[in-house]
Amino acid sequence: MKLVPLNDRVVLKQLIAEETTKSGIVLPGQAKEKPQQAEVIAVGPGGLVDGKEVKMEVKEGDKVIYSKYSGTEVEVDDEKYVIVRQSDILAIVE
């Protein structure tokens, strides 16, 4: 099955958070937060959203940082994805 986002929606696949810090400290399960970095899997067409023209700034394959509590989590073919509005994406990681 393939996800095809509508309007200004973007499908993201979360990148796996590291379980140790750079200095080698292992983080316990409680200290881990939901990762905010993800890879763009699919991008909607943009267009007219809420009366305003929206141009899509991200593309498939981009690595991005998005708002911590934004989006809708979905599971397709045992893979977890997050669908967010483009405005919930804070930055592209280059």
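Residues numbered from 1 in each chain as written. Predicted model: local features only at pLDDT ≥ 70, side-chain atom pairs only at ≥ 80, totals over all residues. Heavy atoms only, no water.

**Structural notes on the overall build of the chain**
Thought 1: Of the regular secondary structure elements, the chain holds zero helices and eight strands.
Thought 2: Listed by position from the N terminus, the elements making up the chain come as β-β-β-β-β-β-β-β.
Thought 3: Out of the 94 residues in the chain, the part that is buried amounts to 27%.
Thought 4: Across the chain, the fraction of contacts at a sequence separation of at least 24, relative to all contacts at a separation of at least 6, is 66%.
Thought 5: A total accessible area of about 6,800 Å² is found for the chain, and carbon and sulfur atoms account for 51% of it. (Helix = DSSP H or I, 4+ residues; strand = E, 2+ residues; numbered from the N terminus. Buried < 20%, exposed > 50% of the residue type's maximum accessible area, 1.4 Å probe, protein only. Contact = heavy atoms within 4.5 Å. Areas by Shrake-Rupley, 256 points an atom, 1.4 Å probe, with all protein chains shown as cover.)

**A closer look at the pattern of salt bridges**
Thought 1: In total, this model carries five salt bridges according to the counting rule given.
Thought 2: In this structure, the salt-bridge partner of R85 is D8, at a minimum N-O distance of 3.2 Å. Of this pair, R85 sits in strand β7 (residues 79–85) while D8 sits in the segment before β1 (9–14), placing them 77 residues apart in sequence.
Thought 3: A salt bridge links D62 to K59, with the nearest nitrogen and oxygen atoms 3.1 Å apart.
Thought 4: What you see here is one network of salt bridges that share partners, running through D8, R9 and R85. (Salt bridge = Lys/Arg side-chain N within 4 Å of Asp/Glu carboxyl O.)

**Brief notes about the sheet that holds strand β5 (residues 63–66)**
Thought 1: What the six strands build is an open sheet, ordered β6-β7-β1-β2-β5-β8; its pairing is antiparallel. Across the chains shown, the open sheet's two edge strands, defined by having one partner strand only, are β6 (72–76) and β8 (89–93). Pairs of neighbouring strands in the sheet enclose a mean axial angle of 40°, with direction left out of account.
Thought 2: Judged from the five bridges that link them, β1 and strand β2 (residues 37–43) form a sheet pairing that is antiparallel. Each bridged residue has a counterpart across the sheet, and for V10 the counterpart in β2 is V43. (Pairing = 2+ DSSP bridges. Axes fitted to C-alpha atoms, helices over the stretch in contact; angles between N-to-C directions.)

**What about the environment of K55?**
Thought 1: Counting through the fold element by element, K55 comes out in the loop between β4 (52–54) and β5.
Thought 2: Spatially, the C-alpha atom of K55 lies 8.2 Å from that of P45, the residues being 10 residues apart in sequence.

**With respect to the confidence of the model for the chain**
Thought 1: Considering every residue of the chain, the mean pLDDT works out to 86; 86% of them sit at 70 or more.
Thought 2: Across the chain, element-level confidence peaks in β5 with a mean pLDDT of 96 and bottoms out in strand β3 (residues 47–49) with 84. (pLDDT = per-residue confidence, 0-100.)

**A closer look at the side chain of Q86**
Thought 1: Mapped onto the elements, Q86 comes out in the loop between β7 and β8.
Thought 2: Here K55 takes part through its backbone oxygen, which lies 3.1 Å from a polar atom of the side chain of Q86.
Thought 3: Excluding anything up to four places from it in sequence, Q86 contacts D8, V10, V54, K55, M56, E57 and V58. (Polar contact = N/O pair within 3.5 Å; in protein donor to acceptor, adjacent residues only side chain to side chain.)

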